[in-house]
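Given next are the chains, with one letter for each unit.
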Amino acid sequence: MRVKPMSKSEPASATHYPAAKSVERVEHRTLSILVDNEPGVLARVIGLFSGRGYNIDSLTVSETEHEKHLSRITIATQGTPMVIEQIKNQLERLVPVHRVVDLTAGQTAIERELALVKVRGKDNNRVEALRLADAFRARVIDATTLSFVFELTGKPEKIDQFVVLMQPLGLVEVSRTGVCAIARGPEGM
Amino acid sequence: MQHEMTGAEMVIQALVDQGVEHLFGYPGGAVLPIYDELFKQEKLRHILVRHEQGAVHAAEGYARSSGKVGAVLVTSGPGATNAVTGLTDALMDSIPIVVLTGQVPTHLIGNDAFQECDTVGITRPCTKHNYLVKNVNDLSRVIHEAFYVAANGRPGPVVVDIPKDIQFAKGTYVGPRNIQHKTYRPRLKGDIEKIKQAIELMRHAKRPLFYTGGGVINSGNEASVLLRELVKLTGFPITSTLMGLGAYAAHDPQWIGMLGMHGTYEANLSMHGCDLMICIGARFDDRITGKLDAFSPGSKKIHVDIDPSSINKNVKVDVPIIGDCAHVLEDMIRIWRSISAQPDKKALSQWWKQIDQWRARKSLAYKNSDKIIKPQYAIQRLYELTKDKDTYITTEVGQHQMWAAQFYQFQEPRRWMTSGGLGTMGYGLPAAVGVQMAHPNSLVIDIAGEASVLMTMQEMSTAAQYELPIKIFIINNQYMGMVRQWQELLHGGRYSHSYTEALPDFVKLAEAYHAVGIRCSKPADLDGAIEEMIKVKKPVLFDCVVDPNENCFPMIPSGRPHNEMILGDAGVDPESAITEEGKVMV
């Protein structure tokens, strides 16, 4: 009903924007985006995420079909179901975007990541690092008397775990590609 | 249609082939080859503005009033950055324009050259799409594509950045007929199953309401005709956003006024109390919804929009229909007719009874005076004296804009040009220049505020140069009125920097611009002064001195729901206007 004009003593807490939306459950999703491989296309995609306040957990991109000038971008992101829907719609609105597929939606996607892990150590630590690398099926791709570089592929969680185990053994640095994903079964994107 | 020419020649040829007749622009080093070609031809008329922001707003006014794509040509660096406000404005309000920017030669890009800026980088988030042309053989295709992208789907601004060496280089011109975009093909027809679902909901609705927006106007005049037909067929009430005014005739009894922050009591309470909301070409902006979790709590919602990202962005809807308004409205009418659908007449007449009681509140009423001009009165008189003419209205942003929306009655689409989404002060004057260019024999009035209009006042010089008889009707209250109103209501009446001291003498200013200045400060003189303004065949600055303390009501304050409006104190007391039943509902 009728509201009297606010009295002057009332705190000016109100803004002219609506209140923040109530908190909803946040979901992790992996999106695969097929785009024209043209200058600035990655900037468009990333700019959309930063401009609208969406999260990027990881991002991989490379040309996949040279003749058609197509690139495939894989983005791991998180948000409420409404935000995820917005992300997909906003991406599809970009002119050079062909398709956006939510690989997590069907729960049938395969996700892999590659990591290069440098470990420095002596004696027992060195032996233990090699033994664990063997258990994780990591390959040694560089070695000195002081260090190893391991190459490891797998799900992101597996790499996380390997990195945690290497920490006490002399972890120096890690380089990771970010998630790259594809749907199971005979169908393409 | 293929032959050799320079990049600069291609630009002119492509614009001509796209049907462009007017090009708003400002020359500079990086576009000189194109200006040289402009000099040699007569098909394309160039309008020299006084600031690049003015060029973009003029093109917006041109596009909105004519339905064509507006075209702009500016130079590199500051030319491009000055255009950014206009680009953002056009993006927010979905206005189709193509802006060609000059760029330093390709070999200098990235070298911090004179008047270089990263135009595609800067304009990426404020355009629908943009291009940097690095090969002259791509140039004509890109320009044609730019026009396609600007006009199709949800319209918007497109930038084409053209380095100077590309303008000199020779290449092959391709005509527009050979162009089809690889991926961008917006969907026009709505899903017929969804439309059938919508019709089912409409047949059984007890308290239905049409809520329409700028999408109907962008869809073309046909969409307005179809909307009127559907509203008549169903007998439902209709309200519209600021952007959608004119799509439905304001004199029609089914029209219940604009909705939103400064919308009418009846429109907002109908939104709050309806059981079926039929949203056509609007986007549930925060100025419409107010407090989101209390927005129209008891309604099912149908949403027709050409842009899928508008659906479920702010408000979850029950029946989303992705498609062009005119196409969907046509299908709706066809299906409604084919099943001889009838609305629930008994419930509908109850609903109308309720709405009429809200209407009786007269929420737009104000206390008039015979000593000082009330701004609302000024706009009412302006409407009465111009309604039978071929009139186009533009506005700046602020209180005067809201009063114009409330008191000027729009009967036709494309007659109302205002900056809705971005709220750009300084929009109206250059927009009026563009509108007058598109409609040389019509009466074009910018309902302005004295603060806004000073932001782009230099375009009076453009109006004078091209003898455009635009009328700048300044509602002069010496304040940034809307800022002052918020400070009064929310910040304890501390009018921090919202009063403009040392305003120019607008009458003398008009004369300095070779225009006519008229001042009016008495209500009794107003009609005569407005008639004089209309009669003058030159640009006019009309200084309408109004009550500086008037506030714009009704108003939904700060994050409140629709049923908590502040009303002015001049209307009918709500207690006597609303029944017991109505109280329960709101």
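Caption draft 1: Up close: the domain arrangement of chain A. Residue and element names in this part refer to chain A. Segmenting chain A into domains produces domain 1 (27-107) and domain 2 (110-182). Between the C-alpha centres of domain 1 and domain 2 the distance comes to 29 Å. When domain 1 packs against domain 2, close to 520 Å² is buried across both sides, 53% of that on carbon and sulfur atoms. Across the domain 1-domain 2 interface, the total number found is 0 salt bridges. Between the two partners, domain 1 and domain 2, sit 3 residue pairs in polar contact (both at pLDDT 80 or more). Those elements that place two or more of their residues in the side of domain 1 that touches domain 2 are strand 1 (27-36), strand 2 (58-65) and strand 3 (70-79).

Caption draft 2: Summary view of the side chain of B:Asp93. All names here are of chain B. Among the structural elements, Asp93 can be located in the loop between helix 5 (84-92) and strand 5 (97-103). Here Gly421 takes part through its backbone nitrogen, which lies 2.7 Å from a polar atom of the side chain of Asp93. The contacts of Asp93, once residues within four sequence positions are left out, are Arg64, Asn218, Met243, Thr418, Ser419, Gly420 and Gly421.

Caption draft 3: Region of interest: the sheet that holds strand 18 (residues 471-476) of chain B. Residue and element names in this part refer to chain B. Here we have 6 strands laid out as an open sheet, ordered 16-15-17-18-20-19, and parallel in their pairing. Edge positions in the sheet fall to strand 16 (416-417) and strand 19 (516-520), since each has one partner strand and no second. With 5 bridges joining them, strand 19 and strand 20 (residues 540-545) adopt parallel strand pairing. Bridging from a neighbouring strand, Cys520 pairs with Cys544 of strand 20. This element, helix 23 (residues 526-535), spans strand 17 (443-449), strand 18, strand 19 and strand 20 of the sheet and lies at about 170° to strand 20.

Caption draft 4: Representation of the nonpolar core within the structure. Residues and elements named next belong to chain B. Met202, Met332, Phe473 and Phe542 are the most contacted members of the largest nonpolar core, which has 107 residues in total. Looking at this core, the element that brings in the most residues is helix 14 (residues 325-338), giving 8 residues. Beyond its immediate sequence surroundings of up to four residues, Met332 is in contact with Ile195, Ala198, Ile199, Met202, Leu230, Val304 and Ile321. Among the nonpolar cores identified, the runner-up in size contains 43 residues, and Ala55, Ala59, Ala83 and Leu87 belong to it.

Caption draft 5: Seen up close, helix 14 of chain B. All names here are of chain B. The end-to-end C-alpha distance of helix 14, which contains 14 residues, comes to 20 Å, matching closely the 20 Å that a straight helix rising 1.5 Å per residue would cover. Of all the residues in helix 14, the buried ones are Cys325, Ala326, Val328, Leu329, Asp331, Met332, Ile333, Ile335 and Trp336. Structurally, helix 14 contributes buried residues whose contacts are with helix 9 (192-204), helix 10 (214-218), helix 11 (221-234), strand 12 (276-280), strand 13 (300-305) and strand 14 (319-322).

Caption draft 6: Looking closely at the packing of aromatic side chains. Residue and element names in this part refer to chain B. Inspection of the entire model under this criterion finds 17 aromatic pairs over all chains. Ring geometry for Phe24 and Tyr62: centres 5.8 Å apart, planes at 70°, overall edge-to-face. Here Tyr62 lies in helix 3 (residues 52-66) and Phe24 lies in strand 2 (residues 22-25), a separation of 38 residues in the sequence. By relative accessible area, Phe24 is classed as buried at 0%. Between the aromatic rings of Tyr366 and Phe407, the centroid separation amounts to 5.8 Å while the plane-to-plane angle is 85°, which identifies the pairing as edge-to-face. One end of the pair, Tyr366, is in the loop between helix 15 (345-359) and helix 16 (375-386); the other, Phe407, is in helix 17 (residues 399-407), and 41 residues separate them in sequence. Since its relative accessible area comes to 8%, Phe407 is described here as buried.

Caption draft 7: Inspection of the environment of B:Met555 at higher detail. All names here are of chain B. Looking at the secondary structure, you find Met555 in the loop between strand 20 and helix 24 (574-577). Judged by its relative accessible area of 1%, Met555 falls in the buried class. The spacing of Met555 and Arg124 is 431 residues in sequence and 35 Å in space, taken between C-alpha atoms. Residue contacts for Met555: discarding those within four places in its chain leaves Met261, His262, Gln485, Trp486, Leu489, Met565 and Ile566.

Caption draft 8: Spatial organisation of the sheet that holds strand 14 of chain B. Residues and elements named next belong to chain B. Reading across from one edge, 11-10-9-12-13-14 is the order of the 6 strands in this open sheet, with parallel pairing throughout. Each of the sheet's edge strands pairs with one partner strand only, and the pair in question is strand 11 (255-258) and strand 14. Averaged over all pairs of adjacent strands, the angle between strand axes in this sheet comes to 15°, irrespective of strand direction. Sheet topology note: the strand 13/strand 14 ladder contains 4 bridges and is parallel. Looking at strand 14, one finds that Ile302 is bridged to Val319. Of the strands in this sheet, strand 9 (208-212), strand 12, strand 13 and strand 14 are in contact with helix 9, which crosses strand 14 at around 135°. Each of strand 9, strand 10 (238-240), strand 11 and strand 12 touches helix 12 (residues 265-273); the most contacted strand, strand 11, lies at about 100° to it.

Criteria and cut-off values
Residues numbered from 1 in each chain as written. Chains lettered and ligands numbered in written order. Predicted model: local features only at pLDDT ≥ 70, side-chain atom pairs only at ≥ 80, totals over all residues. Heavy atoms only, no water. Domains from an automatic or database assignment. Buried area = accessible area lost by both parts, 1.4 Å probe. Salt bridge = Lys/Arg side-chain N within 4 Å of Asp/Glu carboxyl O. Polar contact = N/O pair within 3.5 Å; in protein donor to acceptor, adjacent residues only side chain to side chain. Helix = DSSP H or I, 4+ residues; strand = E, 2+ residues; numbered from the N terminus. Contact = heavy atoms within 4.5 Å. Pairing = 2+ DSSP bridges. Axes fitted to C-alpha atoms, helices over the stretch in contact; angles between N-to-C directions. Core = buried A, V, L, I, M, F, W, Y, C linked by side-chain atoms within 4.5 Å. Buried < 20%, exposed > 50% of the residue type's maximum accessible area, 1.4 Å probe, protein only. Expected span 1.5 Å × (residues − 1). Phe/Tyr/Trp six-rings, centres within 6.5 Å; stacked < 30°, edge-to-face > 60°.

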